[in-house]
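Close look at the chain arrangement
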Amino acid sequence: MAVKPKKAPIAVDKLTETQAKVELVRLALEIERHNEAYYNEDAPKISDAAYDELRKRSDAIEARFPGLVTRDSPSQKVGAVPTGRFAKVPHSVPMLSLGNAFSDEDVTDFVDRVRRFLKLGEDEIPAIVAEPKIDGLSLSLRYEDGVLVRGATRGDGSVGEDVTANVRTIADIPHKLKGRNIPAVCEIRGEVYMLKKDFLALNKRQAEAEDTVFANPRNSAAGSLRQKDVSVTASRPLKFFAYAWGEMSEMPAKTQFKMIEWMEKAGFVTNPLTTLCDSVEGVLKFYRKIEAQRAKLGYDIDGVVYKVDRLDWQERLGFITRTPRWAIAHKFAAEQATTVLNDIEIQVGRTGALTPVAKLAPVTVGGVVVQNATLHNEDYIKGIGNDGQPIREGVDIRVGDTVIVQRAGDVIPQIVSVVLDKRPASAKPYKFPTVCPACGSHAVREEDPKTGRPDSVRRCTNSLACPAQAKERLKHFVARNAFDIDGLGEKQIEEFFTDGLVMSPVDIFTLEKRDARSQKKLADREGFGATSVRNLFAAIDARRTIALHRFIFALGIRHVGEGNAKLLARHYGTVEAFRAAMIAAGEGPQSEAYQDLNAIEGVGAVVANALVEFFREPHSVKAVDDLLGEIEVQPAEKAKTDSPIAGKTVVFTGSLEKFTREEAKATAERLGAKASGSVSKKTDYVVAGPGAGSKLAEANKLGVQVLTEDEWLALVGGA
């Protein structure tokens, strides 16, 4: 039976005013959420192209229903509210964003609007400066008497973050301006970015140190600049292009292009590709040239910016709310490339999930060589989404296919479509394996009890002896929120597992004893030495005492995440009580132990059954007991039942200034409350700090009580 395609959104010109009002609220919440992820978290969740589509639809609805525009509409805002990690800096001249053009017609319309506004003749085209749009972090630099006094991020356009100390570490930014024609007050603006080669080298160092690996150069540049530790920023290879200005006590030049030339003379790095154009044709020719060079440039760009050259005309043109009339950004489409799918490789995870990975003929996409792309699951290969709806118009993916690859958000490689007219006659529909490639055991798709449909993931049934699962479980065991053993990360686990040194969790804690007896010492291995081995053993010993919830989470039981591990720890209190209860629950659903487990608020039958299945295996119980012979598990701190928030559900949002998010959650849980990550009708309190976005809006919509940080502290008695 064919499944129905997803229902397309109602066209803007077909919306009623009531429908438009609802749609604008939905779009505002979604845009605010993505603004927070992009500007404050340096971790965008969607591609620039997808974000632009949200903005375009919102703007189109507002244009049709101008009476629905409010002060909180996306069209009235720039960026995101500063996080509060740095001192706030008000901008004397707002740092606004640009309107977008997505086609040649949009660019022609922009030039025509400028010409009409300035009352120029039909044949009189204003000179326009065209420059690559750098994908980095906007920065404003204030100089007084030629000396750098402050650096600030854009923030929400009106208020940014003071990053002066960090800015002084960037070689491209002069501490003192050169030349004689220097205004007493001079604010230079531009973009902090990172070269692609420097980004790759940084990520390699981060991975080797088992530290944060950045998604793309823009995120790494933003994260590097907004470090509390200035030495971290100083160690990162940040660059800066100057291209604009804010407050100026006097103007050194009368045109945009001459101002760029003056900036270079004053000591700034400006983009050498910046060009002065005298026609629409010239502007579009420059766009095509830059688009063709994009992959070869040493830095990421996502379009071209056009600005009216004459500054007196810029002043006459002025602004529309958050954007200037005299400038526009001509965005690139999401970058794609065509290549050949050479093979499909199956990887096995710690819960037995079989994940297909496309092995591609190497191709450059967005300046990065792509050789692998995720294929998610077997339905995705067939052209069916997780919701059962068709994707790629029902076209399947086959080995040998010519495929179009796109980096989602210019980061994650994904196969967008298949070039069917290039499909080889010999290409056959891909047969997803029904046995595990690591151990040969059956791999099955369980039925989803909620939908009645097979689960999207096929899993290996041999959870005990499958080597791939065992290795992935060990990686989970030493992960940051589990045992978090310094110096023992994924790389070391891979090596130790392959060589038979660490095959189960207890082997980690007996490693030093076995090494002392072994003729082949760890210190003699490549990449190790006496000091590093000594540090590793010390790090392992430091984790011989661990909190109960971390221990439960570290076991890697399916469906038991950090939240459920905390619920179980608080309920059972000690590892002895937890172990005994899990074994007793295996006697059946009618047993008192199972009923008690299933009744824990937030656990439920799926988690209960996963726990029972784990402890029903003698192998699993032995592994736990062996581990307990080497470590000490601390009893859980009993949650209070007489506190004012006992039994309540609390959500923390925004930039908390008086405590960290983790401290807030820990306090709530210690006082008997549940700290949730999302707002629903079951939420009792939302504690909102500065910059609270979609969660605050959802709380107001649902009538959930919202507290400030001071009100929260008063409620919990300052705990």
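Residues numbered from 1 in each chain as written. Predicted model: local features only at pLDDT ≥ 70, side-chain atom pairs only at ≥ 80, totals over all residues. Heavy atoms only, no water.

**Thoughts on the UniProt feature "binding site: Zn(2+)" (unreviewed entry) in the protein**
As annotated by UniProt and renumbered to match this structure, "binding site: Zn(2+)" (unreviewed entry) occupies Cys436, Cys439, Cys460 and Cys466. A stretch of 31 residues holds the annotated residues, and the largest C-alpha distance among them is 8.6 Å, short enough that they meet in one place. Here Cys439 shows up in the loop between strand 18 (412-418) and strand 19 (443-444). For Cys460, the location among the structural elements is in strand 20 (residues 459-460). If we skip the residues at most four places from it in the chain, Cys460 touches Gly352, Leu354, Cys436, Cys439, Ser441, His442, Ala443, Cys466 and Gln469. (UniProt positions renumbered as here; feature names shortened; annotations may be inferred. Helix = DSSP H or I, 4+ residues; strand = E, 2+ residues; numbered from the N terminus. Contact = heavy atoms within 4.5 Å.)

**Some remarks on the side chain of Asn203**
Along the chain, Asn203 falls in helix 5 (residues 196-208). Not counting residues within four places of it along the chain, the set of residues in contact with Asn203 comprises Val213 and Phe214.

**Observations concerning the pairing of strand 25 (residues 685-688)**
Neither face of strand 25 is open: one carries Tyr685 and Val687, the other Val686 and Ala688, and all of them are buried. Bridge analysis of strand 23 (residues 649-653) against strand 25 gives four bridges, and the strand direction is parallel. Counted as the bridge partner of Phe652 is Val687 from strand 25. Pairing of strand 25 with strand 26 (residues 705-707), which is carried by three bridges, proceeds in the parallel orientation. Within strand 26, the residue paired with Tyr685 across the bridge is Gln705. (Buried < 20%, exposed > 50% of the residue type's maximum accessible area, 1.4 Å probe, protein only. Pairing = 2+ DSSP bridges.)

**Looking at the side chain of Arg525**
Mapped onto the fold, Arg525 is located in the loop between helix 15 (511-517) and helix 16 (530-541). At a separation of 3.1 Å, a polar atom in the side chain of Arg525 contacts the side chain of Glu495. Leaving out residues up to four positions away in the same chain, Arg525 has contacts with Glu495, Phe496, Asp499 and Leu501. (Polar contact = N/O pair within 3.5 Å; in protein donor to acceptor, adjacent residues only side chain to side chain.)

**Some remarks on helix 9 (residues 280-293)**
Taking 1.5 Å of rise per residue, 14 residues should cover 20 Å, and helix 9 covers 20 Å from first to last C-alpha, within 8% of that figure. The set of residues buried in helix 9 consists of Val280, Val283, Leu284, Phe286, Tyr287 and Ile290. What you see down the axis of helix 9 is that its buried residues fit within an arc of 155°, all on one side. Facing away from the buried side of helix 9, by more than 90 degrees, are the exposed residues Glu281, Lys285 and Ala292. Buried residues along helix 9 sit against helix 3 (104-117), strand 3 (128-134), strand 9 (275-277), strand 10 (301-308) and strand 13 (327-331). (Expected span 1.5 Å × (residues − 1). Arc of directions from axis to C-beta.)

**Section: the sheet that holds strand 8 (residues 239-248)**
Judged by pairing direction, the sheet is antiparallel, and its four strands sit side by side in the order 5-4-7-8 without closing on themselves. Each end of this open sheet is capped by a strand with a single partner; those strands are strand 5 (147-153) and strand 8. Taking the axes of each pair of neighbouring strands and ignoring which way they run, one obtains an average angle of 30° across the sheet. Lying over the sheet, helix 6 (residues 217-225) contacts strand 4 (137-144) and strand 7 (185-193), oriented at roughly 40° with respect to strand 4. (Axes fitted to C-alpha atoms, helices over the stretch in contact; angles between N-to-C directions.)

**Digging into the pattern of salt bridges**
The final tally for this structure, using the stated rule, is 35 salt bridges. Arg398 is the partner of Asp396 in a salt bridge, and the nearest nitrogen-oxygen pair spans 2.9 Å. Each member of the pair, Asp396 together with Arg398, is buried. Lys475 is paired through a salt bridge with Glu472; the nearest N and O atoms lie 3.2 Å apart. (Salt bridge = Lys/Arg side-chain N within 4 Å of Asp/Glu carboxyl O.)

**Brief notes about the UniProt feature "binding site: NAD(+)" (unreviewed entry) in the protein**
The UniProt feature table records "binding site: NAD(+)" (unreviewed entry) at Asp48, Ala49, Ala50, Tyr51, Asp52, Ser97, Leu98, Glu131, Arg154, Glu191, Lys307 and Lys331. Positionally, Tyr51 belongs in helix 2 (residues 48-64). Structurally, Glu131 is set in strand 3. With relative accessibility at 6%, the residue Glu131 sits in the buried group. Residue contacts for Glu131: discarding those within four places in its chain leaves Tyr243, Thr274, Phe286, Val304, Val305 and Lys307.

**Quick word on the sheet that holds strand 13**
With respect to topology, five strands assemble into an open sheet ordered 2-13-10-3-9, the strand pairing being mixed. Edge positions in the sheet fall to strand 2 (99-101) and strand 9, since each has one partner strand and no second. Taken over all neighbouring pairs, the strand axes of this sheet differ in orientation by 35° on average, direction set aside. Sheet topology note: the strand 3/strand 9 ladder contains three bridges and is antiparallel. Bridge pairing links Ile128 to Cys277 in strand 9. Set on the sheet, helix 3 makes contact with strand 2, strand 3, strand 10 and strand 13; between it and strand 13 the angle comes to about 175°. Along the sheet, helix 9 contacts strand 3, strand 9, strand 10 and strand 13; its crossing angle with strand 10, the most-contacted strand, is approximately 160°.

**Here's the deal with the pairing of strand 5**
With six bridges joining them, strand 4 and strand 5 adopt antiparallel strand pairing. Looking at strand 5, one finds that Glu144 is bridged to Val147. Hairpin connection of strand 4 to strand 5: two residues between the antiparallel strands, including Asp145 at a positive phi of 55°.

**Remarks on the state of the cysteines**
Evaluation of the coordinates by the stated rule reveals zero disulfides. Note on Cys466: no disulfide assigned, nearest cysteine sulfur contributed by Cys436 at a separation of 3.8 Å. By relative accessible area, Cys466 is classed as buried at 0%. (Disulfide = S-S within 2.5 Å.)

**Quick look at the confidence of the model for the protein**
Looking at the protein as a whole, its pLDDT mean stands at 85, while 89% of the residues score no less than 70. A low-confidence stretch, residues 1-6 stays under pLDDT 50, and its non-local contacts, those more than four residues away or across chains, total nine contacts. In the model, residues 79-83 has pLDDT below 50 throughout and makes 23 contacts with residues more than four positions away in sequence or in other chains. (pLDDT = per-residue confidence, 0-100.)

**Comments concerning the packing of aromatic side chains**
Counted according to the given criterion, the structure contains 14 aromatic pairs. An angle of 75° between the planes, with centres 5.1 Å apart, marks the rings of Phe614 and Phe615 as edge-to-face. Members of the aromatic cluster, joined through ring pairs, are Tyr572, Phe578, Phe614 and Phe615. (Phe/Tyr/Trp six-rings, centres within 6.5 Å; stacked < 30°, edge-to-face > 60°.)

**Examining the packing of helix 19 (residues 575-585) against helix 21 (residues 604-616)**
Taken N-terminus to C-terminus, the directions of helix 19 and helix 21 make an angle of 95°; their axes are 8 Å apart at the nearest point. The angle between helix 19 and helix 21 places the two elements in the roughly perpendicular class. Contacts between helix 19 and helix 21 involve Phe578, Met582, Ile583 and Ala585 from the former and Leu611, Val612 and Phe615 from the latter. (Parallel < 35°, antiparallel > 145°, perpendicular 65-115°, else oblique.)

**Details of the nonpolar core**
If you look at the biggest cluster of nonpolar residues, it comprises 58 residues, and the most contacted ones within it are Phe551, Leu568 and Leu597. The element contributing the most residues to this core is helix 21, with seven residues. Of the domains in this structure, domain 2 (467-543) and domain 3 (546-634) are the two that each give at least three residues to this core. Setting aside anything within four residues of it in sequence, one finds Leu568 in contact with Ile552, Val560, Gly573, Phe578, Leu597, Ile600, Val603 and Leu611. Counting residues in hydrophobic clusters, the runner-up holds 35 residues, among them Phe86, Leu139, Leu177 and Ile260. (Core = buried A, V, L, I, M, F, W, Y, C linked by side-chain atoms within 4.5 Å. Domains from an automatic or database assignment.)

**A short note on helix 5**
Compared with the 18 Å implied by 1.5 Å per residue over 13 residues, the 18 Å span of helix 5 between its first and last C-alpha is a close match. Regarding helix 5, the residues found buried are Lys196, Asp198, Phe199, Leu202, Asn203 and Gln206. One side of helix 5 holds all its buried residues, which, seen down the axis, span an arc of 155°. Opposite the buried face of helix 5, by more than 90 degrees, sit the exposed residues Lys197, Lys204 and Glu208. Contacts made by the buried residues of helix 5 are with helix 6.

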